[in-house]
Amino acid sequence: MRPRAQITTAATTLTNATHMIALTGAGMSVESGIPPFRGAGGLWTKHGEPPMDGYQRFMADPAAHWRNMLARRDSDDEFTRALNAAKPNAGHLAMAELERMGVLKHTICQNIDNLHFEAGSMSVTEIHGNRTKLRCVECTARWPWAEFTMTDIPPACPHCGGMVKSDTVMFGEPIPRQFLAECQAQAERADCIMIVGTSASVTPAAWFPEIVLERGGTLIEINTEPTPFSSHCAASIRAPSGEALPLIVDEIHRMQRLEPGD
């Protein structure tokens, strides 16, 4: 299928869906200047992978972790610098527009950069957390960093007294149960899922397209490389999300203008 036909098919499929959701990944962040972890130019490729027991280390000495984390927040390393400079790109803005139009009902995000919210999206579950927030490990209450009053290190939750940590999910840390439950519920409601900027090959993210597919739903893919779901997609668009998503939004607007009775 030619590129333009893929855009038309994607736009038609999305608008015909009754509950369309999206799964987004690192490819969207790369377009905002945030380096990936794996692959060519990835941070772990260049510097090695971090310890796989980060959460266990945190729980063993939370005060030491907090002191290191506070020192890193003012550091000038490559990743922190990129995160601080990153702005929503055209793909993020297009997804926010799809949500405003009522086409996109929910986004399952694997990134920690907060860019979907900065772009204007509202219905988002961040399964790996959000770098701009803190979270209680007991009751899972969340706060923006700027709104949390810190009097002790490590800080305690004002609601339940539990340990507070950064919201980002560490290696070895379970993804908060209610985040996974929301994603599962959304996938079970969905009759269409749009896979954007992700290989969709790592669990639990890979579960959600599988759920939609097994329930007879339709898949749309926007990724620069093939994924395990490519052969199952109604449209598989080989392009960055910042290029493809605005074209899909424009096509949906065009189709809506052509609808009879408008």
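Residues numbered from 1 in each chain as written. Predicted model: local features only at pLDDT ≥ 70, side-chain atom pairs only at ≥ 80, totals over all residues. Heavy atoms only, no water.

Draft legend 1. Highlighting the sheet that holds strand E2 (residues 104–109). Strand order across the open sheet formed by 6 strands is E3-E2-E1-E7-E8-E9, with parallel pairing between neighbours. Bordering the open sheet on either side are strand E3 (124–126) and strand E9 (233–237), each of which pairs with just one other strand. Taking the axes of each pair of neighbouring strands and ignoring which way they run, one obtains an average angle of 15° across the sheet. Taken strand by strand, helix H11 (residues 241–258) contacts strand E7 (192–196), strand E8 (218–222) and E9, and its axis lies near 130° from that of E8. (Pairing = 2+ DSSP bridges. Helix = DSSP H or I, 4+ residues; strand = E, 2+ residues; numbered from the N terminus. Axes fitted to C-alpha atoms, helices over the stretch in contact; angles between N-to-C directions. Contact = heavy atoms within 4.5 Å.)

Draft legend 2. Up close: the nonpolar core. Met-194, Leu-245 and Ile-248 are the most contacted members of the largest nonpolar core, which totals 27 residues. Taken together, the elements giving at least two residues each to this core come down to helix H1 (3–16), strand E1 (20–24), helix H7 (90–100), E7, E8, E9 and H11. Ranked by the residues each element gives to this core, the list is headed by H11, at 6 residues. For Ile-248, the contacting residues outside a window of four places in its chain are Ile-7, Ala-10, Ala-11, Leu-14, Ile-222 and Ile-237. Counting 19 residues, the second largest nonpolar core, distinct from the first, contains Ile-108, Phe-179, Ile-193 and Phe-229. (Core = buried A, V, L, I, M, F, W, Y, C linked by side-chain atoms within 4.5 Å. Buried < 20%, exposed > 50% of the residue type's maximum accessible area, 1.4 Å probe, protein only.)

Draft legend 3. Structural view of the packing of H1 against H11. Here H1 crosses H11 at 65°, and the two axes come no closer than 9 Å. Relative to H11, H1 is oriented so that their crossing is right-handed. On H11, the residues touching Arg-4, Ile-7, Thr-8, Ala-10, Ala-11, Thr-12, Leu-14 and Thr-15 of H1 are Ala-244, Leu-247, Ile-248, Glu-251, Ile-252 and Met-255. By residue class, the composition of the contact of H1 with H11 is 9 nonpolar, 3 polar and 2 charged. (Left-handed = near helix turned anticlockwise from the far one by under 90°. Nonpolar A, V, L, I, M, F, W, Y, C, P; charged D, E, K, R; others polar.)

Draft legend 4. Local environment of the environment of Arg-73. Position of Arg-73 relative to the elements: it lies in helix H5 (residues 62–73). Overall, Arg-73 belongs to the partly exposed group, its relative accessible area being 39%. As a C-alpha pair, Arg-73 and Asn-84 span 11 residues in sequence and 9.9 Å in three-dimensional space. In this structure Arg-73 touches Thr-80, Arg-131 and Trp-145, once residues within four positions along its chain are discounted.

Draft legend 5. Inspection of the pattern of salt bridges at higher detail. Here the structure, examined in full by the defined rule, presents 10 salt bridges. Its salt-bridge partner being Asp-167, residue Arg-142 comes within 2.6 Å of it at the nearest N-O pair. Highlighted residues: Arg-142 in strand E5 (residues 142–144) and Asp-167 in the loop between strand E6 (164–166) and helix H9 (177–189), separated in sequence by 25 residues. Judged by its relative accessible area of 30%, Arg-142 falls in the partly exposed class. Salt bridges here are not isolated pairs; linked through shared partners, they connect Glu-126, Arg-135, Arg-142, Lys-165, Asp-167 and Glu-173. (Salt bridge = Lys/Arg side-chain N within 4 Å of Asp/Glu carboxyl O.)

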